[in-house]
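# Analysis of the macromolecular model
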Amino acid sequence: MRARLSDIAQQAEVSEATVSRVLNDRPGVAPETRQAVLTALDVLGYERPARLRKRSAGLVGLVVPELENPIFPAFAQVIESTLAQSGFTPVLCTQTPGGVTEDEYVEMLLDRQVSGIVFVSGLHADTAANHDRYRALIARPLPVVMINGYAPGIAAPFVSCDDREATELAVAHLVALGHRRIGLITGPDRFVPVQRRVAGFRAAMARLGLTDGELDTLAELSLFGVEGGEAAAGRLIERGVTGIVCGSDLMALGAIRAARQRAMSVPGDLSVVGYDDSPLMAFTDPPLTTMRQPVAAMAVAAVRALVDEINGHAAPHSEYLFRPELVVRGSTAVVRPAGGAGGTGRQRPAPPALVVPA
């Protein structure tokens, strides 16, 4: 116990006597000092004494579409830790193909009398879905917050990354490298983020003088994921693109696979830009140039809005757009001077690990 007191005192930057007073719940310790000791306990992995454990302010549901895409665990981690700091106990609900649906998870959460629900890339982002499900929750009333996706007529806070601006910035990056034949790969067009990305792509490419007919051949809508990205990239490569902007990092990895199957190098013959900057993208081969979602800022804003709603301080019912960042790594390069299609030329790699705010 002596050694543990020493570790805790060192972590909290207080004396061992102060740690002892806090652990024994004795008076004479300033609130901020007491909190520093409790935080040190948590950081070092020690269990708090039962009398010092914070009572849960309630359960909060967190509904995410899946965990295979690393961006969703990244959101879940920040949301869960931020909820815990506010005294709430998060309940993670993960959907899988053929598994429990969003509506079924919501029913289970209601049975557990949750204080609110955070939806990440849920049915609120699907223009083909019936959004009355959310209006019914709000009418209960139950506070809800939606991340990435917007549905008009729902009295709730929405938190999104600016997908249109992200795509325009990605195209501008490739244009600055000399690319003119640029393709877009993204998901099904019924999703709001996809619609915004397509609009941003068309606006950015139209500035190069391309007609609507030309743009139609450069945008490929596919399934999200590596396989969808690979299939769509194959079609764009056959049309002679030298650069591809993707709707997710996983789709970008699929595009790189498609290029290599055709004996093309990335970025030598084809430049690829991802979207999300999900964990480990700096360690792929090559390291992926991508549009970074400000996950931490978005998650914290969503939780704060939800907690305000739970506490009766209604947050503005509007959409909060967060600006993306362009992270330049090794998957994009200056186009070869001769231009043209195919995979016979070489490109000069762009400088690595540059972060460009939007």
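Worth saying up front: this structure is predicted, and the values here are computed from it rather than measured. (Residues numbered from 1 in each chain as written. Predicted model: local features only at pLDDT ≥ 70, side-chain atom pairs only at ≥ 80, totals over all residues. Heavy atoms only, no water.)

### A short note on helix H2 (residues 16–23)
To keep things clear, this is the line we draw: Under the scheme applied here, a residue whose accessible area is under 20% of the maximum for its type counts as buried, over 50% as exposed, and between as partly exposed, the area being computed with a 1.4 Å probe on protein chains only. What counts as a helix is a DSSP run of H or I of at least four residues, what counts as a strand is a run of E of at least two, and both are numbered from the N terminus. What the arc describes is the spread of directions from the helix axis to the C-beta atoms.
Among all positions of H2, only Thr 18, Val 19, Val 22 and Leu 23 are buried. Burial along H2 is one-sided: seen end-on, the buried residues are contained in an arc of 135°. Backbone geometry just downstream of H2 places Asp 25 in the positive-phi region, at approximately 55°.

### A few points about the side chain of Thr 82
Our working definition: In the analysis that follows, any N or O atom pair within 3.5 Å is treated as a polar contact, provided that within protein one partner can donate a hydrogen and the other can accept it, and provided that, for residues neighboring in sequence, both atoms belong to side chains. Contacts are assigned to residue pairs with any non-hydrogen atoms lying within 4.5 Å of each other.
For Thr 82, the location among the structural elements is in helix H4 (residues 71–85). Residue classification places Thr 82 among the buried residues on the basis of a relative accessible area of 10%. Side-chain polar atoms of Thr 82 contact the backbone oxygen of Val 78, separated by 2.7 Å. Setting aside its immediate chain neighbours within four residues, Thr 82 contacts Val 300 and Val 303.

### Focus: the sheet that holds strand S3 (residues 116–120)
What counts is decided by this rule: At least two DSSP bridges between two strands are needed for those strands to be called paired. Orientation is described by lines fitted to C-alpha atoms, with helices fitted over the stretch in contact, and by angles between N-to-C directions that extend from 0 to 180 degrees.
If you walk across this open sheet you meet the 6 strands as S2-S1-S3-S4-S5-S11, and the pairing is parallel. Unpaired on one side and paired on the other, strand S2 (88–94) and strand S11 (319–322) mark the two borders of the sheet. Between one strand axis and the next, the sheet turns through 20° on average, direction left out of account. Pairing of strand S4 (residues 144–147) with strand S5 (residues 158–161), which is carried by 2 bridges, proceeds in the parallel orientation. Paired with Ile 147 across the strands is Val 159, a residue of S5. Running at roughly 160° to S2, H4 makes contact with strand S1 (58–64), S2, S3 and S4 of the sheet.

### Observations concerning the pattern of salt bridges
Quick note on the threshold: The salt bridge definition used is simple: a Lys or Arg side-chain nitrogen within 4 Å of an Asp or Glu carboxyl oxygen.
The full count for this structure, using the stated rule, is 19 salt bridges. Among the salt bridges present, the one from Arg 257 reaches Glu 230, with a minimum N-O distance of 2.9 Å. Of this pair, Arg 257 sits in helix H11 (residues 249–261) while Glu 230 sits in helix H10 (residues 226–238), and the two are 27 residues apart along the sequence. Accessibility expressed as a relative area gives 39% for Arg 257, which makes it partly exposed. With a relative accessible area of 18%, Glu 230 lands in the buried category. A salt bridge links Asp 277 to Arg 329; its shortest N-O distance comes to 3.0 Å. Here Arg 329 lies in the loop between strand S12 (325–328) and strand S13 (333–334) and Asp 277 lies in the loop between strand S9 (271–276) and strand S10 (289–292), a separation of 52 residues in the sequence. What makes Asp 277 buried here is its relative accessible area of 17%.

### Some words on the nonpolar core
For clarity, the threshold we go by: Each nonpolar core is a collection of buried residues, namely Ala, Val, Leu, Ile, Met, Phe, Trp, Tyr and Cys, held together in the definition by side-chain atoms within 4.5 Å.
Among the nonpolar cores identified, the biggest contains 68 residues, and Phe 75, Ile 79, Val 120, Ile 147, Ile 185, Leu 270 and Val 272 are the most heavily contacted of them. Counting 18 residues, the second largest nonpolar core, distinct from the first, contains Val 63, Val 106, Leu 110 and Tyr 134.

### Focus: the layout of surface pockets
To locate leftover empty space, one rolls a probe as large as a water molecule over the atoms. Counted only if it meets this: Both cavities and pockets are sets of points on a 1 Å grid over the protein atoms alone; in a cavity a 1.4 Å probe fits but cannot get out, in a pocket the set is open with protein on both sides within 12 Å along at least five of seven lines, and lining residues sit with an atom within 4 Å of a point. Grid points are joined across faces, edges and corners, and a volume is the space filled by probe spheres set on the points. Each residue is assigned to one class: nonpolar for Ala, Val, Leu, Ile, Met, Phe, Trp, Tyr, Cys and Pro, charged for Asp, Glu, Lys and Arg, and polar for all the others, Gly among them.
Within this model, the largest pocket holds a volume of roughly 1000 Å³. If you trace the largest pocket, you find 34 residues lining it, with Pro 65, Glu 66, Phe 72, Ser 121 and Phe 224 closest to the centre. The set of elements that each furnish at least two residues to the lining of the largest pocket consists of H4, helix H8 (192–206) and S9. Of the residues belonging to the lining of the largest pocket, the class tally is 16 nonpolar, 10 polar and 8 charged.

### What about the packing of aromatic side chains?
Defined as follows: Here the aromatic set is Phe, Tyr and Trp, taking the six-membered ring for Trp, and pairing holds for ring centres within 6.5 Å; pairs whose planes are under 30 degrees apart are stacked, those over 60 apart are edge-to-face, and all others are tilted.
Per the counting criterion, the structure on display carries 2 aromatic pairs. Centroid distance Phe 119 to Tyr 134: 5.2 Å. Interplanar angle 80°. Geometry classified as edge-to-face. Of the two residues, Phe 119 sits in strand S3 while Tyr 134 sits in helix H6 (residues 132–139), which places them 15 residues apart along the sequence. For the pair Phe 119 and Tyr 134, a shared accessibility class is recorded, and that class is buried. Measuring from centroid to centroid gives 4.9 Å for Tyr 150 and Phe 158, while their planes differ by 70°, and the two rings are edge-to-face. Using a relative accessible area of 30% as the deciding quantity, one classes Tyr 150 as partly exposed.

### Side note on the confidence of the model for the protein
Selection criterion: Per residue, pLDDT measures the predictor's confidence, with a range of 0 to 100.
Per-residue confidence for the protein gives a mean pLDDT of 89; residues scoring 70 or more make up 92%. Predicted confidence is poor over residues 339–346, with pLDDT under 50, and the contacts of this stretch with residues over four places away or in other chains come to 18 contacts. Considering only residues more than four positions removed or in separate chains, one finds that residues 348–353, a stretch of pLDDT under 50, has 15 contacts.

### Digging into the pairing of S2
Rules: Look down the strands so they point away from you; if going from the first strand over the helix to the second traces a clockwise path, that crossover is right-handed.
Examined bridge by bridge, S1 and S2 share 7 bridges and lie parallel to one another. Bridge pairing in S2 places Val 63 opposite Cys 93. You can see the chain leave S1, run along H4 and come back into S2, and the turn it takes is right-handed.

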